[in-house]
Amino acid sequence: MQTNNSFSFHRLMLLFKQKLIINKRRYPLALAAFSGSLIISFVFAQTINNFGNWSNMHYVTTFISVFVIVGIAYSAFSFPPFRSKEKSMVYLMLPATNSEKFVFEILSRIVAFIVLMPILYWILANLEGAVFHYYFPELTNYKFSFRDGFLAIVKDGKFEFWALILTLQGILFMFIAPFAGAGYFSKSPLVKTLLTFSIIMLSYFLFAFLLDKSLNLEGLHPVGKNLIFFKDGQTVIKLMGIGMVIVNLSLLAIAWFSLKEKEA
Amino acid sequence: MIQIKDLHFAYPRQEVLFSNLSVRLEAGSITGLLGKNGAGKTSLLKLLTGLLHPISGELSVMDHQPRKREVSLLNDVFMVPEEFFFPSISIRDYVKAYTPFYPRFDHELLDRILIEFELGNERKLQRLSHGQKKKFLIAFAMATRCRLLVLDEPTNGLDIPSKALFRKILAGSLDEDQLVVISTHQVKDVENLIDKIIILDNGEVIFHQTIQEISQKVAFISGTSEEREAAIYSEAVPGGYRLMVPNGYEETEVDIELLFNAITNGHKIG
Amino acid sequence: MEFKNTKGIFLQIADSISEKVMEGKYPPGEKIPSVRDLAAEMGVNPNTVMRTYSELQTRGIIDNKRGVGYYVSQDAVPIIRQWKRKEFFDTDLPLIVRQIKILGITLEELIPYFESTQNSDKL
């Protein structure tokens, strides 16, 4: 019998099936808890906003904060078997390739969240709005649309190509960093990941600060629009965009090698 | 089936465990892997299943390097570890979630063993006792029909009748193309089950013979202090001595404990 | 003081099969359990049972019909009797005789005991 040792879509599906069977009780519960707390926070926010001035912009800002916080937390729980030796053994010996397990983790953690969470949010926001409107017909700002909400925040509604790349990569980074941390660290990955990035950022600023001081670069501040050597804002955004792509790819590589070289 | 040559392995920041380990194992055997605490039995089993990576040397299992964890090897190797984890689902759901990964999985055999072990399909795995969980895992391992089965202390935690059942199940449901490696301290539990003994000591395989070879070379008898003179190795027991003597006449049952002590104390049986 | 030593497991299995043949549980021509079935029944390594079967086959106690299984041979009973008698005179009897001598038991003492056990066997 010939076994595909690189990538089998069938086995990827088996991984999903396995996950669903194992969590068939947990998923509905988690979904209910998440939806419940979102609806409660909508009601609460609208109540303290005096029922009146709640708007699409509020919906979107709430969305962004929930998206960021829950997203980071959810990504940080990637590679759940790595939290214990016994689970790691079962996971590593499960007859699926590293690439299938890796793709499964990305799909079930990052992609699923980025795709499903906004849909769920949209449904819940409109559902809650409609119910609210039914009981308080005088409230008219109950319909939620992402487009209107974001347009309220981003005034001109236009993004430069590299600014868009930078934004998208920044969003992805939020997920990929804890994802890689969850692959790399066995115990309390989120804390360790945050700590690691804090240390990296601090060292960077310290380095830039010292560089600034020692070279006596008057007026060339590392923070702000005039990053060292690049006075042109467009170039800076482009370079930062490219930098983020590289950072994200490196983080994915770290996650991949963590899985591939994992021992238990 | 298994070829190990000059295997070198150490855990990070720890002293070397295996320096020049070499051994060859073929299918069609139930091999007992013996060794003192810390001799590296579990580590060797984990190296075979790709859970640990060798530092250097040759390690091949069914023509695969286990560290690559290729599916064609993973779906042909099953390990029952000493400590394990189960999700909180029923046996039926566990079977649904895990069996599709094993192309030769034998559901009929699983059901038969579960009945013998008195484990119903609806039982929740998390609510089973440690011994029951272990029995389920053994049943699952047998039913995968993997060519390499690795059992780490399989009888630990099994009750008295289950130990006998374990032997019967193993003896009766293996094919000739399968190899079972059992690591254990409970030699009585596997006494007539294993047909080959490997002893691991000081990072090396210091003994590797079949039960038949052993029993043709040496006999294990009880005797007096005079007979002790002719023995290769002896131990005092109530009422006399247990002796390992060169076999001159009829084959005796192999006293694995005595053999183990003899070998690890530096005696040779040729 | 002399201890009785335990025979190798493959010989123990051979003895138990021979005993069943002598007792008539496995009459000549009868099929005996397959290697795997017997191994499973006793929890003994199949290779050991295999060794027993080839030993019994060499002695002419069982026959292997290719692809069908093992059968008790027609001459099994006399072969086993001869084998067991030899074994009795070679190994068991010397031990008994030695004990008898050590304990100073006379032949006359043994005769009534021998007759009574013979009678109880017939019951």
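Residues numbered from 1 in each chain as written. Chains lettered and ligands numbered in written order. Predicted model: local features only at pLDDT ≥ 70, side-chain atom pairs only at ≥ 80, totals over all residues.

### A closer look at the overall build of chain B
(1) Moving on: In terms of regular secondary structure, chain B is built from eight helices and twelve strands.
(2) Moving on: Along the longest, intermediate and shortest principal axes, the C-alpha atoms of chain B span 65 × 45 × 35 Å.
(3) Moving on: Residues classed as buried in chain B amount to 44% of the 270 residues present.
(4) Moving on: Of all intrachain contacts in chain B linking residues separated by at least 6 positions in sequence, the fraction that spans at least 24 positions is 68%. (Helix = DSSP H or I, 4+ residues; strand = E, 2+ residues; numbered from the N terminus. Buried ≥ 20, exposed ≤ 12 C-beta atoms within 10 Å, placed from the backbone. Contact = placed C-beta atoms within 7 Å.)

### As for the overall build of chain A
(1) Moving on: Within chain A one finds nine helices and zero strands.
(2) Moving on: Taken from N to C terminus, the helices and strands of chain A fall in the order α-α-α-α-α-α-α-α-α.
(3) Moving on: Counting over 264 residues, chain A shows a buried share of 22%.
(4) Moving on: Considering only contacts within chain A whose residues lie at least 6 apart along the sequence, 74% involve residues at least 24 apart.

### With respect to the interface of chain B and chain A
Accessible area lost upon the coming together of the parts serves often as the stated size of an interface.
(1) Moving on: With 25 residues of chain B at the contact, the number on the chain A side is 21 residues.
(2) Moving on: Elements that contribute at least two residues to the side of chain B that touches chain A include exactly helix H2 (71-74) and helix H3 (91-98) of chain B.
(3) Moving on: It is H3(B) that contributes the most residues to the side of chain B that touches chain A, four residues altogether.
(4) Moving on: Within the side of chain B that touches chain A, the residues separate by chemical class into 16 nonpolar, four polar and five charged. (Nonpolar A, V, L, I, M, F, W, Y, C, P; charged D, E, K, R; others polar.)

### A look at the nonpolar core
(1) Moving on: Ranked by size, the top nonpolar core spans 110 residues in total, and within it B:Val77, B:Ala139, B:Val150, B:Val180 and B:Ile197 carry the most contacts.
(2) Moving on: The biggest single contributor to this core is helix H5 (residues 130-144) of chain B, with seven residues.
(3) Moving on: If we ignore the near neighbours within four places in the chain, the residues touching B:Val77 are B:Thr49, B:Val61, B:Cys146, B:Leu148 and B:Val150.
(4) Moving on: In this structure, A:Phe82, A:Phe102, A:Ile176 and A:Phe179 belong to the second largest nonpolar core, which totals 16 residues. (Core = buried A, V, L, I, M, F, W, Y, C linked by C-beta atoms within 7 Å.)

### Structural notes on the interface of chain C and chain B
(1) Moving on: With 19 residues of chain C in contact, the opposing surface of chain B contributes 21 residues.
(2) Moving on: Secondary-structure elements contributing two or more residues to the side of chain C that touches chain B are helix H1 (9-22), helix H2 (35-42) and helix H3 (46-58) of chain C.
(3) Moving on: Of the residues belonging to the side of chain C that touches chain B, the class tally is eight nonpolar, seven polar and four charged.

### Quick notes on the sheet that holds strand S2 (residues 16-25) of chain B
All names here are of chain B.
(1) Moving on: Reading across from one edge, S2-S1-S4 is the order of the three strands in this open sheet, with antiparallel pairing throughout. The open sheet has two edge strands with one neighbour each: S2 and strand S4 (56-61). Going across the sheet, the axis of each strand differs from the next one's by a mean of 20°, ignoring polarity.
(2) Moving on: Across five bridges, strand S1 (residues 2-10) lies against S4 in antiparallel orientation. (Pairing = 2+ DSSP bridges. Axes fitted to C-alpha atoms, helices over the stretch in contact; angles between N-to-C directions.)

### Focus: unusual backbone geometry
(1) Moving on: Although it is not a glycine, A:Phe79 sits at a positive phi angle of roughly 45°.
(2) Moving on: Relative to the helices and strands, A:Phe79 resides in the loop between helix H3 (56-76) and helix H4 (85-93).

### Notes on the domain arrangement of chain A
All names here are of chain A.
(1) Moving on: Assigned domains of chain A: these are domain 1 (1-155) and domain 2 (159-264).
(2) Moving on: Distance from the C-alpha centre of domain 1 to the C-alpha centre of domain 2: 25 Å.
(3) Moving on: Every contact between the two is made by 19 residues of domain 1 and, on the other side, 16 residues of domain 2.
(4) Moving on: Within the residue set of the side of domain 1 that touches domain 2, elements represented by two or more residues are H3, H4 and helix H5 (98-135). (Domains from an automatic or database assignment.)

### Notes on the sheet that holds strand S10 (residues 218-223) of chain B
All names here are of chain B.
(1) Moving on: One open sheet accounts for three strands, arranged S10-S12-S11; its pairing is antiparallel. The open sheet is flanked by S10 and strand S11 (233-237), the only strands paired with a single partner. Averaged over all pairs of adjacent strands, the angle between strand axes in this sheet comes to 20°, irrespective of strand direction.
(2) Moving on: Relative to strand S12 (residues 240-246), S10 runs antiparallel, the two sharing six bridges. Following the sheet pairing, Val218 is matched in S12 by Pro246.

### Digging into the environment of B:Ser60
Residue and element names in this part refer to chain B.
(1) Moving on: Topologically, Ser60 is positioned in strand S4.
(2) Moving on: Owing to 14 C-beta atoms within 10 Å, Ser60 belongs among the partly exposed residues under this scheme.
(3) Moving on: For the pair Ser60 and Ile4, spaced 56 residues apart in sequence, the C-alpha to C-alpha distance is 6.4 Å.
(4) Moving on: Setting aside anything within four residues of it in sequence, one finds Ser60 in contact with Gln3 and Gln65.

### Quick look at the domain arrangement of chain B
Residue and element names in this part refer to chain B.
(1) Moving on: By the assigned domains, chain B splits into domain 1 (2-202) and domain 2 (213-264).
(2) Moving on: For domain 1 versus domain 2, the separation of C-alpha centres amounts to 31 Å.
(3) Moving on: Tallying the contact residues gives seven residues for domain 1 and six residues for domain 2.
(4) Moving on: Residues of the side of domain 1 that touches domain 2, tallied by class, amount to four nonpolar, no polar and three charged.

### What to know about the packing of helix H2 (residues 26-48) of chain A against H5(A)
All names here are of chain A.
(1) Moving on: At a minimum axis separation of 10 Å, H2 and H5 run at an interaxial angle of 50°. In terms of their interaxial angle, H2 and H5 are classed as oblique. Judged by the sense of rotation from one axis to the other, the crossing of H2 with H5 is right-handed. Between H2, through Ser35, Leu38, Ile39, Phe42, Val43 and Gln46, and H5, the contact on the second element is made entirely by Leu124, Ala125, Glu128 and Phe132.
(2) Moving on: For the contact of H2 with H5, the residue count by class is seven nonpolar, two polar and one charged. (Parallel < 35°, antiparallel > 145°, perpendicular 65-115°, else oblique. Left-handed = near helix turned anticlockwise from the far one by under 90°.)

### Overview of the packing of helix H7 (residues 161-184) of chain A against helix H9 (residues 233-260) of chain A
Residues and elements named next belong to chain A.
(1) Moving on: Close contact between H7 and H9 brings their axes to 8 Å; oriented N to C, the two are set at 20°. For the element pair H7 / H9, the angle class is roughly parallel. Considering how the two elements wind past one another, H7 and H9 form a crossing that is left-handed.
(2) Moving on: Residue classes in the contact of H7 with H9 are distributed as 21 nonpolar, six polar and one charged.

### Points about the confidence of the model for chain B
(1) Moving on: In this model, chain B carries an average pLDDT of 92, and 100% of its residues clear a pLDDT of 70 or more.
(2) Moving on: With pTM at 0.87, the complex prediction returns an ipTM value of 0.91. (pLDDT = per-residue confidence, 0-100.)

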